[in-house]
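Chain and residue survey
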Amino acid sequence: MSLHRLASLTIGVPEPVPVRAFYRDFGLVETAPGRLESADGGAQLRIEASPRRGLLALSVGVDDGDDLGRAAAGLQRLGVPVQLRPRALEAVEPATGVRVRLELQPRLTQKPPPLIPLNAPGRTLREDARSPAVLGSPSALPRRLSHVVLGSPDSAASRRFFVEAIGFRVSDEVPAMGASFLRCSTDHHNLLVQSGPAPFLHHTAWEMDDVDAVGRAAARMIAADASRHVWGLGRHGIGSNFFWYLRDPAGNFAEYTCDLDVIADDEAWKAAASGSAHPLAAWGPPVPRSFLAPDDIVRG
Ligand SMILES: [Fe+2]
């Protein structure tokens, strides 16, 4: 695969200051005003002032100039204007107005976390010792950006842009929601495009070491401000990932996640179109109505 990572996002919000503070609490490090880094992924989030909350831009890392050339040709086939430079390409996705940038970047390698030995019926991996998960309070920090979910008033057109022109692959689809789970790496999804009454940012998701890290980080956020809680803990049915969603002060959801499916062999993975009315979770608390239809988006 020539696309290899979701590199960064730019979010616009009416009042950046409290939103920046939220993402610092969330575990990102602000290295300059509005520029936030994850532990492994570098500068992956920019927060800028804009009249409405929304996703302004996303960038994708690619291997070489041939990848830029293929995307440029695909965009031209769709009639989308494209700016092509030696090391980057930019185009605007017409249905949502999101600026999409492809740029030559080295691949990301991550150091794995220590394995937490889990006991189970008939399988004892930890004897005569307490779990490392309850000893001390290791910091639970987002390792990198995992994915972003974008509402589009024309999800078919957005899907066409990202798949046919940019080069994302389709991992799964939920036709009833006009939803396509798309990847630009071996992650099951880096971008989910779903139908919405207007372009909107549903959530960003950040990869954690394991489910204990998801729980510790979300519990810490909620202890500071219980109104941040949205939905969790649960495990998604599509992508298999554990989730816990919080809400930032602008109304964007932010997900701690781990154990997302990995698609290393495109031929081995079978994309599925789910017809289930509620494919959202294999298990978890009841899904809040505001998660399915964010209040400010429904009001318009
Ligand atoms: Fe998610």
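None of the values given here were measured: they were computed from a predicted structure.

1. Topic: the overall build of the protein chain
- Within the protein chain, the regular secondary structure consists of six helices and 18 strands.
- Whereas a compact globule of 300 residues would reach a radius of gyration of roughly 19 Å, the protein chain reaches 19 Å, a difference of no more than 12%.
- The principal-axis extents of the C-alpha atoms in the protein chain amount to approximately 65 × 45 × 40 Å.
- Going through the 300 residues of the protein chain one by one, you find that 48% of them count as buried.
- Sequence separation of at least 24 residues holds for 68% of the intrachain contacts in the protein chain that already meet a minimum separation of 6.
- Averaging the coordinates of the 32 positive side-chain charges in the protein chain and doing the same for the 34 negative ones gives two points 3 Å apart.

2. A word on the sheet that holds strand β6 (residues 83-84)
- The mixed open sheet is built from eight strands, whose spatial order is β2-β3-β4-β1-β5-β8-β7-β6. The open sheet terminates on both sides in strands that have one partner only, identified here as β2 (29-32) and β6.
- By the bridge criterion, three bridges tie β2 to strand β3 (residues 35-38) in an arrangement that is antiparallel. Bridge pairing in β3 links E30 to L36.
- Contacts from helix α1 (residues 16-26) reach β1 (3-13), β2, β3 and β4 (42-49) within the one sheet, and its direction differs from that of β4 by about 155°.
- Set on the sheet, helix α3 (residues 155-166) makes contact with β1, β5 (54-62), β7 (88-92) and β8 (99-104); between it and β8 the angle comes to about 20°.

3. Quick look at unusual backbone geometry
- In this structure, L233 follows G232 across a cis peptide bond, with omega equal to -5°.
- On the secondary structure map, L233 appears in strand β14 (residues 229-236).
- One non-glycine residue, S240, lies in the positive phi region at around 65°.
- Note that S240 resides in the loop between β14 and β15 (242-247).
- Residue S240 is classed as partly exposed on the basis of its relative accessible area of 21%.
- With phi around 60°, D259 is a residue other than glycine that occupies positive phi space.

4. Observations regarding the pattern of salt bridges
- Applying the stated criterion to the full structure yields 17 salt bridges.
- The salt bridge involving D40 is made with R143; its shortest N-O contact spans 2.6 Å. Of this pair, D40 sits in the loop between β3 and β4 while R143 sits in the loop between β8 and β9 (144-152), and the two are 103 residues apart along the sequence.
- For R70, the salt bridge goes to D67, with nearest N and O atoms at 2.5 Å. Here R70 and its partner D67 are both found in helix α2 (residues 65-77), three residues apart, which amounts to about one turn of the helix.
- One network of salt bridges, in which partners are shared, links R20, R24 and E30.

5. Let's talk about the coordination of the iron ion
- Binding of the iron ion to the protein goes through H147 (NE2), H203 (NE2) and E255 (OE), at separations of 2.0 to 2.2 Å.
- On the primary sequence, the residues serving as donors to the iron ion are separated as H-x55-H-x51-E. Here H203, found in strand β13 (residues 200-207), pairs with E255, found in strand β16 (residues 253-258); they are 52 residues apart in sequence, far enough to count as distant.
- H203 gets classed as buried once you look at its relative accessible area, which sits at 4%.

6. So, the sheet that holds β16
- One open sheet holds the ten strands; their spatial order is β17-β10-β11-β12-β9-β13-β16-β15-β14-β18, and the pairing between them is mixed. With partners counted over all chains shown, the strands left at the sheet margins are β17 (272-273) and β18 (281-283), one partner each.
- Pairing of β13 with β16 involves five bridges; the strand directions are parallel. Bridging across to β16, W206 finds its partner in Y256.
- Sheet contacts for α1: β13, β15 and β16; angle to β16, the most-contacted strand, approximately 15°.

Definitions and cut-offs
Residues numbered from 1 in each chain as written. Predicted model: local features only at pLDDT ≥ 70, side-chain atom pairs only at ≥ 80, totals over all residues. Heavy atoms only, no water. Helix = DSSP H or I, 4+ residues; strand = E, 2+ residues; numbered from the N terminus. Rg over C-alpha atoms; globule rule 2.2 N^0.38 Å. Buried < 20%, exposed > 50% of the residue type's maximum accessible area, 1.4 Å probe, protein only. Contact = heavy atoms within 4.5 Å. Lys, Arg positive; Asp, Glu negative; His and termini not counted. Charge placed at Lys NZ, Arg CZ, Asp CG, Glu CD. Pairing = 2+ DSSP bridges. Axes fitted to C-alpha atoms, helices over the stretch in contact; angles between N-to-C directions. Salt bridge = Lys/Arg side-chain N within 4 Å of Asp/Glu carboxyl O. Donors = N, O, S within 2.8 Å, 3.2 Å for Na, K, Ca; no water.

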